[in-house]
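Here are the chains, one letter per residue:
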Amino acid sequence: MMEDLLPRVRKLAAAELKSSCERYEKRFASRDEAALILGEELNETELELTIAKRYMAMFDRGVVSPGHLEEMEDRMLNAACEAIQTAAMCRKWILSMTAGDATQAAQVQNDG
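This brings us to the side chain of T86. Relative to the assigned elements, T86 resides in helix 3 (residues 66–98). The exposure class assigned to T86 is buried, which follows from its relative accessible area of 10%. Among the polar contacts made by the side chain of T86, one reaches the side chain of T45 at a distance of 3.5 Å. A polar contact is formed between the side chain of T86 and the backbone oxygen of E82, at a distance of 2.8 Å. The residues contacting T86, other than those within four sequence positions of it, are L38, E41, L42 and T45.

So this is what it looks like as structure tokens:
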């Protein structure tokens, strides 16, 4: 399953990188900026996972409803989106360090 999903997720991360480069600068201005943005994305991912884990703890105590499961599903999808954004920012930082063109690299990843 993972080997089928990973190429599609990589394309989503490449599309997110391209979008980021269109909305903001193509490269991070500094190491500090890159670390700050990457840290924010990672924290947002962790927050969604933490909330999903709270639902799992409720389930372990026998508190389960369709509404709870739908909320956990939403949180996991939010976490996936945040993780994709985090991956895109990792790539942007790599490209910033190597002076590569992030927009062009995103297109190559998206096409590949």
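This part takes up the packing of helix 2 (residues 31–60) against helix 3. Think of two packed helices as two axes; the pair is described by the angle between the axes and how far apart they sit. The N-to-C vectors of helix 2 and helix 3 enclose an angle of 160°; their axes lie 9 Å apart at closest approach. If you check the angle between helix 2 and helix 3, you find them roughly antiparallel. When the axes of helix 2 and helix 3 are compared, the crossing they make is left-handed.

Definitions and limits used
- Residues numbered from 1 in each chain as written.
- Predicted model: local features only at pLDDT ≥ 70, side-chain atom pairs only at ≥ 80, totals over all residues.
- Heavy atoms only, no water.
- Helix = DSSP H or I, 4+ residues; strand = E, 2+ residues; numbered from the N terminus.
- Buried < 20%, exposed > 50% of the residue type's maximum accessible area, 1.4 Å probe, protein only.
- Polar contact = N/O pair within 3.5 Å; in protein donor to acceptor, adjacent residues only side chain to side chain.
- Contact = heavy atoms within 4.5 Å.
- Axes fitted to C-alpha atoms, helices over the stretch in contact; angles between N-to-C directions.
- Parallel < 35°, antiparallel > 145°, perpendicular 65-115°, else oblique.
- Left-handed = near helix turned anticlockwise from the far one by under 90°.

The quantities given are spatial measurements derived from coordinates; they are silent on function.
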